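Observations on chain architecture
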Amino acid sequence: MNQKRWAYGPGFISQTPQGTYSCFVALGHGKRRRAVVKTLSEAKAWILAGTAGEAPDRLIVEDALRARARLPEGVSLEDAARYYADHHRAAASRVSLSAAWAAFQAEAVASVGART
């Protein structure tokens, strides 16, 4: 069976053999929330409108927790995002993300050391 499947927002949509659309959002830890709707636009709306439950918020929180664990003490996620945005605009084609991250970490450690 050749089923079409699309990644859409925080979830996935696939067309069933009956012509309906199956959509799901991963909740983490092997769990998913699923729905079957009649049209592709209903499937997209189900995922984006939050009817998929807490999945989008939960995924954002989990992502933020992983990101925060990588930052030096005293540096917020907002500081990291602002630093990345400022440096990404200034050197979008010249600096890789890994180089920008290394520069941010070095500057963050230096600024935390200066505060103590």
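The structure this text deals with has already been given above.
Notes on the structure follow.

About the criteria used
- Residues numbered from 1 in each chain as written.
- Predicted model: local features only at pLDDT ≥ 70, side-chain atom pairs only at ≥ 80, totals over all residues.
- Heavy atoms only, no water.
- Helix = DSSP H or I, 4+ residues; strand = E, 2+ residues; numbered from the N terminus.
- Buried < 20%, exposed > 50% of the residue type's maximum accessible area, 1.4 Å probe, protein only.
- Polar contact = N/O pair within 3.5 Å; in protein donor to acceptor, adjacent residues only side chain to side chain.
- Contact = heavy atoms within 4.5 Å.
- Pairing = 2+ DSSP bridges.
- Axes fitted to C-alpha atoms, helices over the stretch in contact; angles between N-to-C directions.

Moving on to the side chain of Ser22. Looking at the element boundaries, Ser22 is found in strand β3 (residues 21–28). Under the relative-accessibility criterion, Ser22 is labelled buried at 9%. Within the structure, the side chain of Ser22 is placed 3.5 Å from the side chain of Arg34, a separation counted as a polar contact. Those residues in contact with Ser22 that sit more than four places away from it in its chain are Phe12, Ile13, Ser14, Thr16, Arg34, Ala35 and Val36.

This part covers the sheet that holds strand β1 (residues 5–8). Across the sheet, which stays open at both edges, the four strands sit in the order β1-β2-β3-β4 with antiparallel pairing between neighbours. In this open sheet, the two edge strands, each paired with only one partner strand, are β1 and β4 (31–37). Between one strand and the next, the sheet's axes are offset by a mean angle of 20°, whatever the strand orientation. Of the strand pairs in this sheet, β3 and β4 are connected by seven bridges, and their pairing is antiparallel. Residue pairing for β4: Ser22 is matched across the bridge by Val36. Contacting β1, β2 (11–15), β3 and β4, helix α1 (residues 40–48) crosses the sheet at an angle of about 15° to β3.

Further remarks concern the pairing of β3. Buried residues dominate β3, accounting for six of its eight residues. Bridge count between β2 and β3: five bridges; the pairing is antiparallel. Paired with Phe12 across the two strands is Phe24, which belongs to β3. The antiparallel hairpin formed by β3 and β4 contains two residues in its connecting segment, where His29 sits at a positive phi of about 55°.

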